[in-house]
Amino acid sequence: MKLNIIILLQLEFVQSLASPAYLHYLATSGILNQKQFLDFLRYLRYWKQPQYAKYLSYPHCLYFLDLLVPPGEDGDGDDNDSNANSNTATISDSGETFRREMSQVQFRNFVHEQQFYSWQYRSSRLYGRGQKQDDEK
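Residues numbered from 1 in each chain as written. Predicted model: local features only at pLDDT ≥ 70, side-chain atom pairs only at ≥ 80, totals over all residues. Heavy atoms only, no water.

(A) Quick peek at the packing of aromatic side chains. Applying the stated criterion across every chain, the model contains 14 aromatic pairs. Centroid distance Phe 13 to Phe 37: 6.0 Å. Interplanar angle 90 degrees. Geometry classified as edge-to-face. With a gap of 24 residues between them, Phe 13 in helix 1 (residues 2-16) and Phe 37 in helix 3 (residues 35-43) connect regions that are remote in the sequence. Side by side, Phe 13 and Phe 37 carry an identical accessibility label, which is buried. The interplanar angle of 50 degrees and the centroid separation of 5.5 Å between the aromatic rings of Phe 13 and Phe 40 together place this pair among those described as tilted. In this pair, Phe 13 is assigned in helix 1 and Phe 40 in helix 3, connecting sequence segments 27 residues apart. Using a relative accessible area of 30% as the deciding quantity, one classes Phe 40 as partly exposed. Here the aromatic cluster, defined as three or more aromatic residues joined through ring pairs, consists of Phe 13, Tyr 22, Tyr 25, Phe 37, Phe 40, Tyr 43, Tyr 46, Trp 47 and Tyr 52. (Phe/Tyr/Trp six-rings, centres within 6.5 Å; stacked < 30°, edge-to-face > 60°. Helix = DSSP H or I, 4+ residues; strand = E, 2+ residues; numbered from the N terminus. Buried < 20%, exposed > 50% of the residue type's maximum accessible area, 1.4 Å probe, protein only.)

Pasting the structure below:
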């Protein structure tokens with residue numbers, strides 16, 4: 001029972017990383033620069049494994065998790081996503097740039113807009129654009 005509660009709390013927290021506003025709060029409060037917090041984020045990478053990822057309602061949080069603490073940046077080698085290393089190969093500062101930029105309001109707004117456009121595009125591809133009514137033709 002206790003393990004289930006811990007998993008649910010971690011699920012809720014990892015999904016909160018999908019919110020640019022929350023990431024902005026973490027950045028402006030200095031939490032994103034604390035070693036203990038970054039270690040916790042590294043620990044949360046287990047949510048990328050399929051047996052855990054299937055419970056995520058906001059899978060975009062995994063993308064932000066990779067930006068905050070890029071896979072392989074600490075040499076742990078526990079990242080099973082082969083595409084993740086190629087997507088973050090250009091990041092040489094261990095996520096420091098993204099963490100620093102998230103403290104800027106303009107960057108937070110930009111990330112939020114891009115996230116919205118991504119969801120809008122994905123939604124139109126998954127669910128279609130709707131059918132035109134006879135009187136709209």
